[in-house]
Every structure is written in C-alpha cells, then in structure tokens.
Amino acid sequence: ELLVDKISCIDYSDIVVKTLIEKQKKEHNGSSSTLQASFHSLDARSLHYTPNTFDLVLEKGTLDAMLSDKNEGKQNCIQIVKEMARVTNI
C-alpha cells in the first residue's frame, strides 16, 4: 500500500522539466504500477498552488542556487521559504 498518492516536482527550467519527463517515460515504459511524479516548470518564488495543497515540501538545491546572487539572493530565498510554507498543510 502506498502512503503517497501524488508527487509533484518543480523546476525553473523548461529544459530540465522536459528532460525529467522523458527520463521517467523511459524508466517506467508506461507502467501504471509505479507512482509517477508530475513535473512542472514554475518559479518557486510565486507558486500557482492554493494554500495547504501539499502535506510535505522538499527543497533540494534551489536556495543554494538563489544565494549565489549577491544582490537579490537573500530576498529570493525568503520569498521561496514563504511560498513553501504557504502551500504546505501545516
């Protein structure tokens, strides 16, 4: 029995999203027996999801990448964390 019924992944890059979709198709060969993720090209600073959409939000590398911008990095990270909190059902 699966404890998770939906996985949504986002990335800022359309190319990354398309690559991940193709990789998933190749690895699963159309099998419906495995939970498959949905991929979306979005800006983590302004997510289109309604509040409390997700039970869990994981971030991997986005904040580090944003912090490389000396001028706007800190403010971008603050906005991303606010969005993560907004869409998480806590």
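Here the structure is a predicted model, which is why all the values come from computation and not from measurement.

**Points about helix H3 (residues 73-87)**
Step number 1: Taking 1.5 Å of rise per residue, the 15 residues of H3 would be expected to cover 21 Å, and the 21 Å separating its terminal C-alpha atoms lies within 8% of that figure.
Step number 2: For H3, every residue scored as buried is listed here: Gly-73, Asn-76, Cys-77, Ile-80, Glu-83 and Val-87. Summarising the axial view, the buried residues of H3 lie within an arc of 125°, below the 170-degree limit, and thus occupy one face. Opposite the buried face of H3, by more than 90 degrees, sit the exposed residues Lys-74 and Lys-82.
Step number 3: In this structure, the buried residues of H3 make contact with helix H2 (62-67).

**Quick notes on a nonpolar patch on the surface**
Step number 1: Together, Leu-3, Val-4 and Ile-7 make up an exposed nonpolar region whose accessible area comes to about 310 Å².
Step number 2: Among the secondary structure elements, Val-4 is positioned in the segment before strand S1 (8-11).

**Looking at unusual backbone geometry**
Step number 1: Not every positive phi belongs to a glycine, and Asn-52 is a case in point at roughly 65°.
Step number 2: Among the secondary structure elements, Asn-52 is positioned in the loop between strand S2 (38-41) and H2.
Step number 3: The class of Asn-52 is partly exposed, set by a relative accessible area of 46%.

Cut-offs used in this document
Residues numbered from 1 in each chain as written. Predicted model: local features only at pLDDT ≥ 70, side-chain atom pairs only at ≥ 80, totals over all residues. Heavy atoms only, no water. Helix = DSSP H or I, 4+ residues; strand = E, 2+ residues; numbered from the N terminus. Expected span 1.5 Å × (residues − 1). Buried < 20%, exposed > 50% of the residue type's maximum accessible area, 1.4 Å probe, protein only. Arc of directions from axis to C-beta. Contact = heavy atoms within 4.5 Å. Patch = residues over 30% accessible without salt bridge, like charges linked within 9 Å, V, L, I, M, F, W, Y side chains within 5 Å. Areas by Shrake-Rupley, 256 points an atom, 1.4 Å probe, with all protein chains shown as cover. Salt bridge = Lys/Arg side-chain N within 4 Å of Asp/Glu carboxyl O.

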